[in-house]
Amino acid sequence: MSYLLNTWYIAGWADELAQGGMLGRTIVEQPIVFFRNSQGVIQALADRCPHRFAPLHMGKIVGDSVQCPYHGLRFDGSGQCTHNPHGDGSIPKAACVRAFAVVERHGAIWVWPGDSSLANNALIPDFSFLDEAPTHAKGHGYLPTRAHYELLSDNIMDLSHVDFLHPDTLGGGALSRTRATIEELPHDRVRISWWAPDDVPPPAFGAHLEDPSRADVWAEVIWHAPGLMLLGSGATAPGRPRDEGPVTWNLHLMTPQDAANTHYFFANTRSFEQDNAQLNAFVQEMLIGIFAGEDKPMVEAQQRQIGEVELLGLSPVLLPVDAGAVRCRRVLRRLIETERAAAQASPSSSYGKEESR
Amino acid sequence: MSYLLNTWYIAGWADELAQGGMLGRTIVEQPIVFFRNSQGVIQALADRCPHRFAPLHMGKIVGDSVQCPYHGLRFDGSGQCTHNPHGDGSIPKAACVRAFAVVERHGAIWVWPGDSSLANNALIPDFSFLDEAPTHAKGHGYLPTRAHYELLSDNIMDLSHVDFLHPDTLGGGALSRTRATIEELPHDRVRISWWAPDDVPPPAFGAHLEDPSRADVWAEVIWHAPGLMLLGSGATAPGRPRDEGPVTWNLHLMTPQDAANTHYFFANTRSFEQDNAQLNAFVQEMLIGIFAGEDKPMVEAQQRQIGEVELLGLSPVLLPVDAGAVRCRRVLRRLIETERAAAQASPSSSYGKEESR
Amino acid sequence: MSYLLNTWYIAGWADELAQGGMLGRTIVEQPIVFFRNSQGVIQALADRCPHRFAPLHMGKIVGDSVQCPYHGLRFDGSGQCTHNPHGDGSIPKAACVRAFAVVERHGAIWVWPGDSSLANNALIPDFSFLDEAPTHAKGHGYLPTRAHYELLSDNIMDLSHVDFLHPDTLGGGALSRTRATIEELPHDRVRISWWAPDDVPPPAFGAHLEDPSRADVWAEVIWHAPGLMLLGSGATAPGRPRDEGPVTWNLHLMTPQDAANTHYFFANTRSFEQDNAQLNAFVQEMLIGIFAGEDKPMVEAQQRQIGEVELLGLSPVLLPVDAGAVRCRRVLRRLIETERAAAQASPSSSYGKEESR
């Protein structure tokens with residue numbers, strides 16, 4: 001299994017990590033512990049004490065360091081051992097753990113599992129719409145899923161599935177009747193967009209339209225390699241501007257745990273009734289119901305049928321609706337190959353050595 | 001692992017499959033979906049959409065077709081895609097799934113996982129006694145079991161085990177005291193029979209005899225390759241004809257799911273008190289108790305001890321009581337080898353190609 | 001995976017095996033059934049009938065033999081088949097199972113998984129202190145643990161962990177402040193001892209001292225290959241003799257089930273309030289809470305982080321506190337290699353053959 005390593009992944013939502021607490025999570029097969037230093041700044045270390053390999057996230061925070069639960073060695077955010085409570089307290093030179101570049105932004109924890117010297121905060125996509133949305137018009141969640149992360153990305157890149165998997169809420173038929181437009185964007189992104197004028201709006205939008213039977217229906221997804229997706233969709237009275245009708249902007253963020261497990265993070269906002277806390281609670285519950293009750297079981301079943309091989313290696317019958325998903329898979333494959341070639345060309349980098357275990 | 005493919009297996013009891021419903025079951029490692037067309041005739045397809053490999057049994061029935069739960073492609077009983085709801089609705093040539101020969105007979109669903117052109121309904125054993133038995137004198141059930149199907153067949157082919165595993169119900173000592181007679185029958189069958197004159201009847205029969213202490217006790221099993229067994233047994237006052245005493249005819253039908261899991265189907269009838277619904281309920285409950293509580297745990301424990309190797313490869317100490325089971329294993333081995341040799345001789349058959357994945 | 005085979009392992013506590021009952025337990029990957037003959041003497045056989053590999057421990061005891069649950073063959077403590085209930089009752093020559101040397105001593109069942117002809121009862125360590133302790137001043141228990149047995153031995157050989165893993169009960173800081181003394185003893189033993197004069201006693205001892213704030217604190221562990229550990233510890237007013245203060249002697253006995261699972265047996269005694277049944281119950285509950293709630297989760301987490309490789313192969317950062325554990329690992333490695341070399345030198349021994357499966 002190969003992953004893109006020199007890239008930002010979402011490791012969790014920032015509110016999963018309280019001051020003084022710890023979050024242990026495996027990202028691209030690397031166990032990582034996240035904690036906040038005394039200034040509240042998030043730190044990320046390999047979640048494995050170099051002494052006897054106890055998981056650091058089972059320990060506790062002491063000042064700016066995490067203390068190993070087993071024998072009390074402490075490590076600060078740089079990965080350096082800062083305290084050895086045994087005997088004369090001398091610290092062996094090798095007593096350090098790998099530190100990862102980590103950033104808190106848009107309410108999320110971003111981690112760079114590759115070479116930290118290449119980590120560039122400017123490469124984090126701009127998801128500030130999430131920060132700006134009013135409290136009662138947004139929500140977010142996390143769904144561990146037993147499937148390869150690309151199957152979950154495919155699911156979002158082909159929204160026509162809503163007409164069959166979510167017919168009573170998000171479906172309506174418009175997206176499967178419409179041929180989507182696909183374009184590659186700069187910075188390793190792919191956009192897919194649907195435009196269905198004067199068609200049947202999804203039930204969830206129809207409830208917020210004067211005439212719920214006909215509307216101009218639209219949707220678009222911008223995929224950012226390796227698995228960050230911004231999804232907008234809406235419906236408006238035929239011929240009227242998009243922002244007159246209900247609009248939602250959502251995030252679907254897929255972080256590989258390993259080849260068979262994905263950390264699926266999602267967030268959503270809406271343009272209508274933004275102060276309606278009751279509607280907000282209803283929307284969050286509905287979305288969790290859809291993702292956890294319909295998408296997750298389907299993608300996990302798909303994974304079981306596919307097994308451990310690569311989807312495209314099984315020669316699936318591709319439909320025009322797959323064009324977006326296939327484009328993303330190709331971009332990602334190219335990026336991974338480029339990165340691997342670069343790593344082999346300069347195998348002496350400290351990063352290369354660390355990964356070669 | 002190799003299985004006999006050009007043969008009929010029981011996929012389920014017919015009452016497991018309602019009109020409009022679906023049954024997904026893996027037979028010899030092939031996931032198959034069963035459904036009824038609008039005439040109620042059972043159809044069997046590979047349970048994997050050729051588009052993105054979603055399991056079809058999670059979808060729904062529309063007319064004579066099954067609709068994929070994920071993107072709405074529909075397939076009729078021949079495996080042909082009949083509807084593509086996307087865009088202009090054109091159907092890719094490759095959009096089809098494998099169809100299996102399937103027959104509903106004797107209250108069971110029979111499926112032929114090999115070359116459909118060889119499927120011959122006349123090869124289904126005649127189990128019409130089950131159709132003819134009065135309602136209150138029969139029952140059937142299903143027990144998924146974590147063991148190789150041949151271990152379950154062995155269990156029935158050596159009924160002397162009843163004296164030790166089921167001493168309070170089916171045992172009594174007569175079968176282990178008696179040497180069984182074994183003969184190969186035409187059509188890949190093996191018969192084993194026990195005849196214990198003037199011996200101790202099993203408790204379950206004794207309760208229906210005037211003198212429960214002595215009887216002529218008999219039993220016989222006819223094994224049909226690869227794992228269909230018809231079992232008759234009874235007890236009668238010494239010297240009297242068999243049909244004067246209680247008699248049962250039962251089926252024990254072993255369908256491999258894979259090398260380590262078996263679909264164990266069973267059915268039973270009885271000759272006595274055929275209108276006694278209360279006794280019938282008691283018998284069904286007793287049999288489930290015996291199969292699920294005594295046979296299944298034993299065979300599963302045996303499987304754990306054996307591991308993934310073949311039983312005879314472990315050089316077990318064979319007793320005369322094993323002669324029937326060993327004979328069946330040899331017949332089955334011969335049939336599988338013959339089938340494989342034929343498949344290699346004509347690798348260009350469509351069936352051969354489909355299997356070569 | 002290799003284990004020391006010609007050695008005594010604890011298979012269980014003697015009170016786990018009632019007269020007429022059976023205990024099935026896998027020791028160094030060998031399933032073994034333990035039972036008592038009619039004189040109450042413990043017997044140990046391979047837990048696998050040679051006929052069809054049913055686990056014998058699911059059967060029943062008849063006289064001095066265990067009867068197979070499946071077809072009724074009986075085997076006495078020598079492993080010889082003593083009864084075949086089928087047909088004329090003749091017993092095939094090969095109908096026998098391997099018998100293991102087994103001894104009941106110090107309230108425990110000791111088994112020798114290697115060559116029985118080398119089993120020497122004198123090699124069982126003298127743990128008679130356990131027999132002699134008053135009823136209300138001792139206890140014992142069993143904790144199946146998902147970790148390699150050497151990780152569990154390491155845990156006891158480096159008691160400085162108590163200051164971090166058990167700070168409120170067994171910790172106090174004295175052991176991690178003190179450099180331990182290590183010496184190899186005859187008969188493949190290693191002793192590690194801590195002596196911390198005028199230091200902070202562990203809370204569990206402080207509660208039994210006049211001045212709970214300062215004491216001479218001591219501890220020692222004698223490891224007997226492959227994983228039997230005698231642990232003594234105590235605290236006494238500064239400058240006073242050890243036996244004036246509270247003292248406990250404990251056993252920590254690690255028996256490998258396989259490479260990833262250990263049977264962890266423990267026992268404890270105490271020198272103080274030996275007639276206090278209420279305190280005894282409190283101590284037992286506290287210890288179970290510590291072992292099951294703190295040590296077991298930590299060692300199991302450590303095992304998950306390490307995976308299936310050998311700890312020292314991962315180049316851990318070793319501290320002076322590891323010296324005892326590393327010494328034991330080296331002694332054990334040397335013993336295993338010596339044993340393997342001897343087995344290869346005389347491959348014709350019956351024991352060598354039996355193991356070569």
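Parameters and conventions
Along each chain, numbering runs from 1 in the same order as the chain's sequence is written. Think of it this way: whatever chain is written first is A, whatever ligand is written first is 1, and the rest follow in order. Local features in this predicted model are restricted to residues whose pLDDT is 70 or higher, and side-chain atom pairs enter the listing and the counts only when it is 80 or higher, whereas totals over whole chains, interfaces and linings include all residues. Note: side-chain values were computed over all heavy atoms of the structure, leaving out hydrogens and water. Every helix listed is a DSSP run of H or I at least four residues long, and every strand listed is a run of E at least two residues long, numbered separately from the N terminus. Polar contact criterion, stated in full: a pair of N or O atoms within 3.5 Å, where within protein one must be able to donate a hydrogen and the other to accept it, and residues adjacent in sequence count only if both atoms are side-chain atoms. What makes two residues a contact is simply this: any of their non-hydrogen atoms within 4.5 Å. Buried surface area refers to the total accessible area, computed with a probe of radius 1.4 Å, that the two partners give up upon joining, counted for both partners together. Criterion for a salt bridge: a side-chain nitrogen of Lys or Arg within 4 Å of a carboxyl oxygen of Asp or Glu. Classes in brief: Ala, Val, Leu, Ile, Met, Phe, Trp, Tyr, Cys and Pro nonpolar; Asp, Glu, Lys and Arg charged; the others, Gly included, polar. Here the bounds of each domain stem from an automatic or database domain assignment.

### Quick notes on the side chain of C:Q43
Residues and elements named next belong to chain C.
Point 1. Tracing the backbone through its elements, the reader meets Q43 in strand β4 (residues 42-46).
Point 2. Here V41 takes part through its backbone oxygen, which lies 3.1 Å from a polar atom of the side chain of Q43.
Point 3. Apart from the residues lying within four places of it in its own chain, the contact partners of Q43 are V33, F34, F35, N37, G77 and V102.

### Structural notes on the interface of chain B and chain A
Point 1. Counting residues at the interface gives 23 residues for chain B, matched by 25 residues for chain A.
Point 2. Between chain B and chain A, the buried area comes to about 2100 Å², and carbon and sulfur atoms account for 62% of it.
Point 3. It is B:R52, B:F53 and B:Y70 in chain B that bury the most area against chain A; as a group they hold 37% of the surface buried on that side.
Point 4. One can count 2 salt bridges joining chain B with chain A.
Point 5. Across the salt bridge formed by B:R52 and A:D154, the nearest N and O atoms sit 2.8 Å from each other.
Point 6. The interface formed by chain B and chain A includes 11 residue pairs in polar contact (both at pLDDT 80 or more).
Point 7. Its residues placed into classes, the side of chain B that touches chain A shows 13 nonpolar, 7 polar and 3 charged.

### Brief notes about the interface of chain C and chain A
Point 1. Each partner contributes to the interface: chain C provides 24 residues, whereas chain A provides 23 residues.
Point 2. The junction of chain C with chain A conceals about 2100 Å² of combined surface from both sides, 62% of it contributed by carbon and sulfur atoms.
Point 3. A:R52 is the salt-bridge partner of C:D322, the closest N and O atoms lying 2.8 Å from each other.
Point 4. Here chain C and chain A share 11 residue pairs in polar contact (both at pLDDT 80 or more) between them.

### Topic: the domain arrangement of chain A
Residues and elements named next belong to chain A.
Point 1. What the domain assignment lists for chain A is domain 1 (9-123) and domain 2 (133-337).
Point 2. Taken together, the contact pairs 13 residues of domain 1 with 15 residues of domain 2.
Point 3. In this assembly, domain 1 packs against domain 2 so that about 1100 Å² is buried in total across both faces, 69% of it on carbon and sulfur atoms.
Point 4. Looking only at domain 1, the three residues that lose the most surface to domain 2 are Y9, I10 and W13, adding up to 52% of its buried area.
Point 5. Between domain 1 and domain 2 we count 0 salt bridges in total.

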